[in-house]
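A structural walkthrough
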Amino acid sequence: MSIRIGYLLPTRERIMAGQPQAAPLLELAERAERLGFDSVWAGDSLLARPRHEPLTLLAAVASRVRRVDIGTAVLLPALRNPVLLAHQVATLDQVAEGRLILGVGIAADVPNIRQEFTAAGVPFEKRVGRLLEGLRLARSLWSGKPVDWDGRWKVEHGILGPTPTRSGSADRCPRAPIARVASSTAGCRSPRLLINGLAYVSHRTPGRDANAVTGAMYLTVAIDEDPSRANERLNTYLEQYYGQPAAVMRSRQACYDGPNGGLPEWLQGYAQAGTTHLVLRFAGHHERHLETVAVLRSKLAS
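Treat the numbers as computed from the prediction; the structure is a model and nothing was measured.

A count of helices and strands for the protein gives 12 helices and 9 strands. Counting only residues that meet the buried cut, the protein has 50% of its 302 residues in that class. In the protein, the proportion of contacts linking residues at least 24 apart, taken out of those at least 6 apart, comes to 73%. Accessible area of the protein: about 13800 Å², with a carbon and sulfur share of 52%.

So, in structure tokens, the structure goes:
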């Protein structure tokens, strides 16, 4: 299977820079499509890391691009009512004509994210249960059939419309075991850890077609022909983005800093470990990074 390359829109970075306008983000999405990228993504945060609301922004992106997939990297469903979320996601998938990939997560346990959950009226300690039940409820509603639900949320003979574009679209939303694994595989710092994570997913989903599970990685990239400058740029980016020491974040996340010639080999390591979809987050200079990766991707073996 060929390697697919995705691009994360700098929604957080633009808010940090005091540039909230959406038009430049939509132009970046269009540029990524023209350059041959396979997908465009948006992150999620309410107050902890202020940024554009991802589902709203991706609806605009979907109206501007016609080929690439669009996705959330990652959405926090526990912050949202699952009935409303199911409605929003199904509508967005209709706008995107079936090109939506719903990536979900449980959120990191850090003080500002706990405060975010409190502000939304959601118990932080209950977020995993809310995520899993909420996704099950959403999947039931996406069937288009009458749903009766008696749990955290009450639904009586509820019928959702529209449903996702394709009958299989709901299957692109992680099943419960996959949702639990997401937090352990998303932070793989090396191909070896990724192999272990994918093996764990397979173990937790016995009987599921291995080809139905897409190995995906979220990677941060700072390209510069001067290695020291690339390292400094990446460290500054991580510290400003997360408000934590760069060393702490680099111990949790997969990052590349260095000349463009070394990037294909680094990415290929993840491809050989089982990844078929690489989502790249650039540490600034988005136009230049997009152009550089577009040229380099031909060096990634299929």
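Now, onward.
Relative to the helices and strands, Ile101 is located in strand E4 (residues 100-104). Put simply, Ile101 and Val89 are 12 residues apart on the chain and 9.8 Å apart in space, counted from C-alpha to C-alpha.

Within this structure, the stated rule accounts for 7 aromatic pairs. A centroid spacing of 5.2 Å and a plane angle of 85° characterise the contact between Phe117 and Phe124, whose relative ring orientation is edge-to-face. Comparing Phe117 with Phe124 shows no difference in burial state: the two are buried. Considering the side-chain rings of Trp266 and Tyr270, the 5.4 Å spacing of their centres and the 75° angle between planes classify their relative orientation as edge-to-face. Linking Trp266 with Tyr270, this pair stays in helix H11 (residues 263-272), spanning 4 residues, or about one helical turn. Judged by its relative accessible area of 1%, Tyr270 is buried.

Before going further, it helps to examine the pattern of salt bridges. A complete count under the given rule lists 13 salt bridges for this structure. Here Arg4 ties to Asp69 by a salt bridge, and the two come within 3.2 Å at their closest N and O atoms. One end of the pair, Arg4, is in strand E1 (residues 4-8); the other, Asp69, is in strand E3 (residues 69-75), and 65 residues separate them in sequence. Taking the relative accessible area as the measure of exposure, Arg4 reaches 27% and is therefore partly exposed. Asp224 is the partner of Arg233 in a salt bridge, and the nearest nitrogen-oxygen pair spans 3.0 Å. Take Asp224: its relative accessible area is 8%, and that puts it in the buried class. In the salt-bridge network here, residues are joined through shared partners; they are Asp44, Glu53 and Arg80.

A few words on the side chain of Thr220. Structurally, Thr220 can be placed in strand E7 (residues 216-223). Among the polar contacts made by the side chain of Thr220, one reaches the side chain of Arg281 at a distance of 2.8 Å. Thr220 has contacts with Leu234, Tyr237, Gln253, Ala254, Cys255, Tyr256, Trp266 and Arg281, leaving out every residue within four places of it along the chain.

Membership of the largest hydrophobic core comes to 59 residues, with the highest contact counts inside it found for Val61, Ile70, Leu278 and Leu280. If near-sequence neighbours (up to four positions away) are discounted, Leu280 is found in contact with Ile5, Gly6, Tyr7, Leu8, Leu219, Val221, Leu267 and Val293. Ala107, Val110, Phe117 and Phe124 belong to the second-largest nonpolar core, a separate cluster that totals 10 residues.

Okay, the packing of helix H2 (residues 23-34) against helix H3 (residues 54-64) next. Between H2 and H3, the shortest axis-to-axis distance is 10 Å and the interhelical angle comes to 45°. Taken as axis vectors, H2 and H3 run oblique relative to one another. Crossing of H2 over H3 shows right-handed handedness. Residues Leu25, Leu26, Glu27, Ala29, Glu30 and Glu33 of H2 form the contact with H3, whose own contacting residues are Leu57, Ala60, Val61 and Arg64.

Here we take up the sheet that holds E1. In spatial order, the strands read E4-E3-E2-E1-E9-E7-E8; together these 7 strands make up an open sheet with parallel pairing. Two strands bound the open sheet, and with one partner strand each, they are E4 and strand E8 (255-258). Averaged over all neighbouring strand pairs, the angle between strand axes comes to 25°, with direction disregarded. Here E1 pairs with strand E9 (residues 277-282) via 4 bridges, running parallel.

Calculation notes
- Residues numbered from 1 in each chain as written.
- Predicted model: local features only at pLDDT ≥ 70, side-chain atom pairs only at ≥ 80, totals over all residues.
- Heavy atoms only, no water.
- Helix = DSSP H or I, 4+ residues; strand = E, 2+ residues; numbered from the N terminus.
- Buried < 20%, exposed > 50% of the residue type's maximum accessible area, 1.4 Å probe, protein only.
- Contact = heavy atoms within 4.5 Å.
- Areas by Shrake-Rupley, 256 points an atom, 1.4 Å probe, with all protein chains shown as cover.
- Phe/Tyr/Trp six-rings, centres within 6.5 Å; stacked < 30°, edge-to-face > 60°.
- Salt bridge = Lys/Arg side-chain N within 4 Å of Asp/Glu carboxyl O.
- Polar contact = N/O pair within 3.5 Å; in protein donor to acceptor, adjacent residues only side chain to side chain.
- Core = buried A, V, L, I, M, F, W, Y, C linked by side-chain atoms within 4.5 Å.
- Axes fitted to C-alpha atoms, helices over the stretch in contact; angles between N-to-C directions.
- Parallel < 35°, antiparallel > 145°, perpendicular 65-115°, else oblique.
- Left-handed = near helix turned anticlockwise from the far one by under 90°.
- Pairing = 2+ DSSP bridges.

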